[in-house]
Amino acid sequence: MNNQHAAIFKPDLFKQKCLKTLVAFLFFCGNWYFNVLLIVLINERVPLNVLPLPDILFDLLPHWYLAIYFSEMYQSLLLSVLILIFLFHRSGNRIAQRYFVVTGIVLFMHAIFVSATRLSVPGIRDACIERIDQNLSNLEFLIEILHRATIFMQSFGLRIFSRRQFCGDYINSFQAVQIIIGYQFISTYIFYDEQKTLHYWIEKALRLLTAISLVFMIISKIHYSIDIVLAYYISTRIFNIYHTISFEEIFQHRSDGNLFRRLWWWPLIVYFEFNEEKISMFNKFDNNQFNSY
């Protein structure tokens, strides 16, 4: 049996897959750290003496600050499930690549939104981390920014780890993006089933929990409703476009009818997906899914 595996093992192909996964991971980490730095910087310029913007859902829904903890615990649960999929799914390496690239693209879009806006804090102002002393030199200011970015990364920006947070992550919420993308990957590759089996109901339960967690982010007044709407729209569009291009090889070639090639991230998809073995989308969950290579 070992000789059979040794005969079909291709070192060059394995190295190429590892390289692509590493590139995707670095792309994700780069955009994540870029967002962290921006959020830390924006915390210095968020208007604190301005009332929250009018939001119709703030008026219609009750205010319950602790609701954010449910959203963050659900976000952590989705991340844990994704890690298990990356490690044990038979196509975990490819799924991880797609997750890193899709999330990296969404995070880059998130960085553009947060850097272009300066909205007032929607909820409790004293939860924001205090601003940096203005008397610091430029070098000391830079060191403090990097130090705060490290603090943010250690807590993953979650309030379950740190009561006081950096304010300014508005317009296309970072947390909402993580929840929506996590749900999309899990439901697409694991639990999608059009038949009313157990997996069908698990997927419906995940969808319901995802919707509740997003609503709870509004109830806690951590994010405006427009933050959630934009996060949903951008995350789902990029996820769907990426998987359409990766699933349909015709969109991986330059042609007059392929308008996807106008996207700035189209070359990324071609690099990661061209001439790669196709992953069956909308898998039914079965024991064979988690057989190792």
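Criteria and thresholds
Residues numbered from 1 in each chain as written. Predicted model: local features only at pLDDT ≥ 70, side-chain atom pairs only at ≥ 80, totals over all residues. Heavy atoms only, no water. Helix = DSSP H or I, 4+ residues; strand = E, 2+ residues; numbered from the N terminus. Polar contact = N/O pair within 3.5 Å; in protein donor to acceptor, adjacent residues only side chain to side chain. pLDDT = per-residue confidence, 0-100. Contact = heavy atoms within 4.5 Å. UniProt positions renumbered as here; feature names shortened; annotations may be inferred. Buried < 20%, exposed > 50% of the residue type's maximum accessible area, 1.4 Å probe, protein only.

**Points about the side chain of E273**
Part 1: Within the fold, E273 resides in helix α10 (residues 266–273).
Part 2: There is a polar contact of 3.0 Å between the side chain of E273 and the side chain of R98.
Part 3: One polar contact links E273 to Y242, side chain to side chain, over a distance of 3.0 Å.

**A few points about the confidence of the model for the protein**
Part 1: The pLDDT averaged across the protein works out to 80; a share of 81% of its residues lies at or above 70.
Part 2: Low pLDDT (under 50) marks residues 1–7, which in the prediction has zero contacts with non-local residues, meaning those over four places away or in another chain.
Part 3: Note on residues 284–293: pLDDT under 50 across the span, and 24 contacts to partners over four residues away in sequence or across chains.

**What about the UniProt feature "transmembrane region" (unreviewed entry) in the protein?**
Part 1: On the UniProt side, "transmembrane region" (unreviewed entry) is annotated at positions that read residues 21–43, 63–87, 99–121, 141–161, 173–192 and 212–234 here.
Part 2: With 96% helix and 0% strand, the stretch residues 21–43 has end C-alpha atoms that lie 33 Å from each other.
Part 3: The span residues 212–234 carries 78% helix and 0% strand; its end-to-end C-alpha distance comes to 19 Å.

**What to know about unusual backbone geometry**
Part 1: Even without a glycine there, the phi angle at K221 is positive, about 60°.
Part 2: Along the chain, K221 falls in the loop between α8 (198–219) and α9 (225–247).
Part 3: Note on K221: relative accessible area 24%, which makes it partly exposed.

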